[in-house]
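An overview of the molecular structure
In case you want the letters, here they are:
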Amino acid sequence: MEIKEKKREIKLNEKEQLILQYIAGGYSDKEIAEQMGYAYGSIRRFVFGMLAKAGVFNRVSLVAWGFRNKYLK
């Protein structure tokens, strides 16, 4: 009997996609907050949420996930 893994499609909203681009560009959370006009804590929450969505544990893995899922070029 073959067990098929159910692949869950994960989508990032526009704000999350922009944050991912900043992360890939080497920006810190503080720098992202300044660029986007958000509080530092808000960006931290977005990043933690994105890590959870992607099922990864750090920013480097999040960027790699972004490339694999065509959010980054």
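So, a few notes on the structure that sits alongside this text. (Residues numbered from 1 in each chain as written. Predicted model: local features only at pLDDT ≥ 70, side-chain atom pairs only at ≥ 80, totals over all residues. Heavy atoms only, no water.)

This brings us to the packing of helix α1 (residues 14-24) against helix α2 (residues 29-36). It is at 10 Å that the axes of α1 and α2 come closest, and there the two elements cross at 130°. By the angle between their directions, the pair α1 and α2 is classed as oblique. α1 and α2 meet at a crossing whose hand is right-handed. Residues K15, L18, I19, Y22 and I23 of α1 pack against I32, Q35 and M36 of α2. Partitioning the contact of α1 with α2 into residue classes produces 6 nonpolar, 1 polar and 1 charged. (Axes fitted to C-alpha atoms, helices over the stretch in contact; angles between N-to-C directions. Helix = DSSP H or I, 4+ residues; strand = E, 2+ residues; numbered from the N terminus. Parallel < 35°, antiparallel > 145°, perpendicular 65-115°, else oblique. Left-handed = near helix turned anticlockwise from the far one by under 90°. Contact = heavy atoms within 4.5 Å. Nonpolar A, V, L, I, M, F, W, Y, C, P; charged D, E, K, R; others polar.)

All right, on to α2 then. Taken together, the buried positions of α2 are D29, I32, A33 and M36. One face of α2 carries all of its buried residues, which in axial projection span an arc of 100°. When the buried face of α2 is taken as reference, the exposed residues oriented beyond 90 degrees from it are K30 and E34. For α2, the elements touching its buried residues are α1, α3 (40-54) and α4 (59-68). (Buried < 20%, exposed > 50% of the residue type's maximum accessible area, 1.4 Å probe, protein only. Arc of directions from axis to C-beta.)

Our focus in this paragraph is the pattern of salt bridges. Following the criterion strictly, the structure yields 4 salt bridges and no others. One salt bridge in this structure joins R44 and D29, with 2.5 Å as the shortest N-O distance. Note that R44 is positioned in helix α3 and D29 in helix α2, a separation of 15 residues in sequence. What makes R44 partly exposed here is its relative accessible area of 27%. A residue is classified by how much of its surface remains accessible, and D29, at 5% relative accessible area, is buried. In this structure, a network of salt bridges that share partners links the residues D29, R44 and R59. (Salt bridge = Lys/Arg side-chain N within 4 Å of Asp/Glu carboxyl O.)

As enumerated under the stated definition, the model contains 3 aromatic pairs in all. Plain terms: the ring middles of Y22 and Y27 are 4.9 Å apart, the flat faces sit at 70° to each other, and that makes the pair edge-to-face. Measuring from ring centre to ring centre gives 5.5 Å for W65 and Y71, while their planes differ by 20°; the resulting arrangement is stacked. Y71 carries the same exposure label as W65, and that label is buried. (Phe/Tyr/Trp six-rings, centres within 6.5 Å; stacked < 30°, edge-to-face > 60°.)

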